Amino acid sequence: MRLPTPKRMMPLAIAAAVTLVLTGCGGQGRNGTVEAGSDGKMHISVGYYPTILTSYLTEVAQEQGIFEANGLEVDLVPIQAGPQQTSALLGGSLDIADLPAPTMVPLMKSGDGQIVALTGGAHVNYSMVIHPGMAQGMDVGNPDAALAIKGKTVAVTVPGGTIDYFAQIAAREAGLDTKDYSTVGAGSVPAILAGFKEGRFDAAVLFPEVAHLAGEEGKDYTVLTSASATSSSTDLYKGMLQSVTGARADWVKSNPDAVTAFCTSIGEAHDWVQDPQNAQELGKSLGGWFEQPEKRGMEIFETTTFGPVLTQEIWEQQAAMAGTDTMPAYGDFVSAQCLSALSE
C-alpha cells in the first residue's frame, strides 16, 4: 500500500527557493533545534540533484511517504552543483545536502563549518561523450579513447567538482594532462547539455541518465569512455560514490531525532527499490524521475548500485574522488547515529 505523499516544492517556487538557498538568506534558525510542528512532524530542508540517480533514494523517501511515516516534513530543494549545495548548507538555508567528495572533504579537513556525513548515494557511473566526428579512429569504450579530447574543450559543471575530477582521471588514463585540454565550467548539467548540443563544447562528462538529452547515440554523440570502461577504472570506481548526504556538525548534534528519522528513511527507501514486489511502481517512478520511458529508466537503474551505509571501507575509497591521499577520520566525520539507524 502506498503511503500518502508529503508536499514538495512546486515548480513555480523552485527558482525563488534556489535563490534563497544560494544566498543563504531567509534561514529559519536551521542550525538550531528542529521543532515539531502542530502536526507533530519535524520540518527540514534537503538539497538534491534533479533527475540524477545519486539523489534518487531521497526522492523515493519523499514520493513513497517514507519521510512522513518517520515523522518528517521535508522540503526538497533542487540544486544543480555540489559547491552550491555546500554553500547553502554552510549558510544555514539547507539542513541536509547532497555533497560530492571534492567539495565536502576540504571543509572537513580545514574544520571550516565542520560537516558530518550521513548516508551514501549511488556509485559513480559517469560517461565522457564527444561529437561523433571527433572520435574517428579512437578505440571507443577504452581509456585510450580519451585521447580524442586533446586540444578540445571539455564541459563539466564546475571546476574542482566530482565531474571535473572524473574528466581528469579519464584524461590521465589516456596519457594526457589537464594542460592538454580546456575545462569549461558550465554551471549545471542542463547548461552542459545545451552547450554541447550547440557545439560550444567539444566534449562533456555526463550521467547515463541524462545522456539521451544530448540526442541520439552514434548520431549526435559518442561515448568515449565511462567509469566502468576498463579494469583499472572499475577498480578505481567500484566503491566511489557520486555524493553523500551531509549536515553541519552543530545541526546534527542539536537534532538527533531528525537525523535518526532521515537516515532511517533513506534505509527504508533503499529497501523499497530493492524489493521485487515494487518493480512495477519502481518503473513508473524511474520514468518520471528520468523523464524517459519506463523501460529506459529501468535499464539505467540496473547499471547502478547504491551505498547508503557509509562503511569505513567505502569512506576510505572516496579519497581518490576527493583528490586526497587520506579521508578525514571515519569516527569523527561519519555519523555513528546514522549508521545505527541504518543497521536497525
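Small disclaimer: the values here were computed from a predicted structure and weren't measured.

**Some words on the confidence of the model for the protein**
Do not read the predicted coordinates in detail wherever pLDDT is low.
So, step 1. On average, residues of the protein score 80 in pLDDT, and 84% of them reach the 70 mark or higher.
So, step 2. Segment residues 1-31 is flagged for pLDDT under 50; beyond a separation of four residues in sequence, or across chains, it makes 54 contacts in the model.

**As for the sheet that holds strand β9 (residues 222-226)**
So, step 1. In spatial order, the strands read β7-β6-β8-β5-β9; together these five strands make up an open sheet with mixed pairing. Every interior strand has two partners, whereas the edge strands, β7 (182-185) and β9, have only one. Neighbouring strand axes in the sheet, compared pairwise and without regard to direction, differ in orientation by 30° on average.
So, step 2. Strand direction decides the pairing type here: strand β5 (residues 127-130) and strand β8 (residues 203-206), joined by four bridges, are antiparallel. Looking across to β8, one finds that V129 is bridged to A204.
So, step 3. Against the sheet, helix α7 (residues 189-197) makes contact with β5, β6 (153-156) and β8, and its axis sits at roughly 150° relative to β8, the strand it touches most.

**Comments concerning the nonpolar core**
So, step 1. One finds M104, Y126, M128, I149, V205, L224 and W315 to be the most contacted residues of the largest nonpolar core, which totals 66 residues.
So, step 2. Top element by residues in this core is helix α6 (residues 162-173). It accounts for seven residues.
So, step 3. Beyond its immediate chain neighbours, meaning those up to four positions away, M128 contacts I149, F166, A167, A170, A204, V205, T222, V223, L224 and T225.
So, step 4. One finds L53, V60, A258 and A261 within the second-largest nonpolar core, a separate group that totals 42 residues.

Definitions and limits used
Residues numbered from 1 in each chain as written. Predicted model: local features only at pLDDT ≥ 70, side-chain atom pairs only at ≥ 80, totals over all residues. Heavy atoms only, no water. pLDDT = per-residue confidence, 0-100. Contact = heavy atoms within 4.5 Å. Pairing = 2+ DSSP bridges. Helix = DSSP H or I, 4+ residues; strand = E, 2+ residues; numbered from the N terminus. Axes fitted to C-alpha atoms, helices over the stretch in contact; angles between N-to-C directions. Core = buried A, V, L, I, M, F, W, Y, C linked by side-chain atoms within 4.5 Å. Buried < 20%, exposed > 50% of the residue type's maximum accessible area, 1.4 Å probe, protein only.

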